[in-house]
Amino acid sequence: MKNKGSWELIQFSSKGDTRGELVAIESQKEIPFSIKRVYYLINTKKDVRRGFHAHKNLDQILIAISGSCKILVENHKKREEFFLNDCKVGLRITNLVWREMYDFTPDCALLVLASQHYDPDDYIRDYQKFAEMIAHDSK
Ligand code: T46
């Protein structure tokens, strides 16, 4: 996969007029891959942290459609925290990136656009194993 172990913010444009706004997102345009799956996290309880894994082969875009949450991402070089509170911004996370999501507001709806169908075997849930994989991969 191109851009493995990386992340970036993607700004979506809004087609606003006097009635309000509309944000359109298309595969291979705003989204740099073909979208095979869409899911969303809602009603996440206060003080809950989710995620705690990386993926072997998955590109995703996370968008806080309403409310806000924080995302911590980590690759072989650095850790970075993002505050997602704008439905016109997506956080793209490629494979081999550890992620944790937390500080969800009660109204947070975190939409995720994914490049692959759901595959439990694609998850790396052991942080030590993840650390070994990225250390090996960066040589
Ligand atoms: C990720 C972050 C951002 C499915 O049945 N289908 C699916 O497509 C997904 C994503 C999950 N599930 C089931 C598996 C579990 O029984 O939904 C339950 C919760 O999934 P999980 O504990 O993996 O959720 P999070 O919030 O820890 O992580 C999710 C995604 O799984 C993951 O790929 O990058 O959101």
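Structure: see above.
A.B. asks: Would you mind going over the site of the ligand in detail, with residue names and values included?
C.D. replies: For the ligand, the set of nearby residues contains 13 residues, the closest of which are Arg-37, Arg-50, His-55, Arg-99 and Tyr-123. Within the side chain of Tyr-39, a nitrogen or oxygen atom sits 3.3 Å from an oxygen atom of the ligand. Between the ligand and the protein, one listed contact pairs an oxygen atom with a side-chain N or O atom of His-53 at 3.4 Å. Protein contacts shield 68% of the accessible area of the ligand, which totals 650 Å² for the unbound molecule. Those elements giving two or more residues to the shell around the ligand turn out to be strand 2 (37–42), strand 3 (50–55) and strand 8 (98–102). No other element matches the four residues that strand 3 contributes to the shell around the ligand. Its residues assigned to classes, the shell around the ligand comprises five nonpolar, four polar and four charged.

A.B. asks: Which residues make up the sheet that holds strand 4 (residues 60–66), and what values go with them?
C.D. replies: Across the sheet, five strands lie side by side as 1-7-4-9-2; this open sheet has antiparallel pairing. In this open sheet, the two edge strands, each paired with only one partner strand, are strand 1 (7–11) and strand 2. Going from strand to strand, the sheet's axes swing by 25° on average, the running direction of each strand aside. Pairing analysis gives six bridges linking strand 2 to strand 9 (residues 109–114), with the strands arranged antiparallel. Paired with Leu-41 across the strands is Leu-110, a residue of strand 9.

A.B. asks: Hey, could you go over the side chain of His-55 for me, with residue numbers and the actual values?
C.D. replies: Assignment of secondary structure puts His-55 in strand 3. Note on His-55: relative accessible area 2%, which makes it buried. Here His-53 takes part through its side chain, which lies 3.5 Å from a polar atom of the side chain of His-55. Beyond its immediate stretch of four places on either side in the chain, His-55 contacts Gln-60, Asn-95, Leu-96, Val-97, Arg-99, Asp-122, Tyr-123 and Ile-124.

A.B. asks: I'd like to hear about a nonpolar patch on the surface, residue by residue, with values.
C.D. replies: Among the surface-exposed residues, Val-38, Tyr-40 and Ile-42 lie close enough to one another that they form a single nonpolar patch of about 310 Å² accessible area. Mapped onto the elements of the fold, Val-38 is located in strand 2.

A.B. asks: With reference to specific residues and values, describe the sheet that holds strand 3.
C.D. replies: Here five strands make up an open sheet; going across it, the order is 6-5-8-3-10 and the pairing antiparallel. The open sheet has two edge strands with one neighbour each: strand 6 (79–84) and strand 10 (123–124).

A.B. asks: Describe the nonpolar core, with residues and values.
C.D. replies: Ranked by size, the top nonpolar core spans 17 residues in total, and within it Ile-71, Leu-84 and Leu-110 carry the most contacts. Listed by contribution, the elements that provide at least two residues to this core are strand 4, strand 5 (69–74), strand 6, strand 7 (89–93) and strand 9. The element that contributes the greatest number of residues to this core is strand 5, accounting for three residues. In this structure, Phe-12, Ile-31, Phe-33 and Leu-111 belong to the second largest nonpolar core, which totals eight residues.

A.B. asks: For the packing of aromatic side chains, give the residues involved together with the corresponding values.
C.D. replies: Under the counting rule described, the total for this entry stands at four aromatic pairs. Ring centres of Tyr-127 and Phe-130 lie 5.8 Å apart, and the angle between their planes is 50°; this geometry places the pair in the tilted category. Of the two residues, Tyr-127 and Phe-130 both sit in helix 1 (residues 127–137), three residues apart, roughly one turn of that helix. Taking the relative accessible area as the measure of exposure, Phe-130 reaches 0% and is therefore buried. One aromatic cluster is present, formed by Trp-98, Tyr-127 and Phe-130 through successive ring pairs.

Criteria and cut-off values
Residues numbered from 1 in each chain as written. Predicted model: local features only at pLDDT ≥ 70, side-chain atom pairs only at ≥ 80, totals over all residues. Heavy atoms only, no water. Near = heavy atom within 4 Å. Polar contact = N/O pair within 3.5 Å; in protein donor to acceptor, adjacent residues only side chain to side chain. Areas by Shrake-Rupley, 256 points an atom, 1.4 Å probe, with all protein chains shown as cover. Helix = DSSP H or I, 4+ residues; strand = E, 2+ residues; numbered from the N terminus. Nonpolar A, V, L, I, M, F, W, Y, C, P; charged D, E, K, R; others polar. Pairing = 2+ DSSP bridges. Axes fitted to C-alpha atoms, helices over the stretch in contact; angles between N-to-C directions. Buried < 20%, exposed > 50% of the residue type's maximum accessible area, 1.4 Å probe, protein only. Contact = heavy atoms within 4.5 Å. Patch = residues over 30% accessible without salt bridge, like charges linked within 9 Å, V, L, I, M, F, W, Y side chains within 5 Å. Salt bridge = Lys/Arg side-chain N within 4 Å of Asp/Glu carboxyl O. Core = buried A, V, L, I, M, F, W, Y, C linked by side-chain atoms within 4.5 Å. Phe/Tyr/Trp six-rings, centres within 6.5 Å; stacked < 30°, edge-to-face > 60°.

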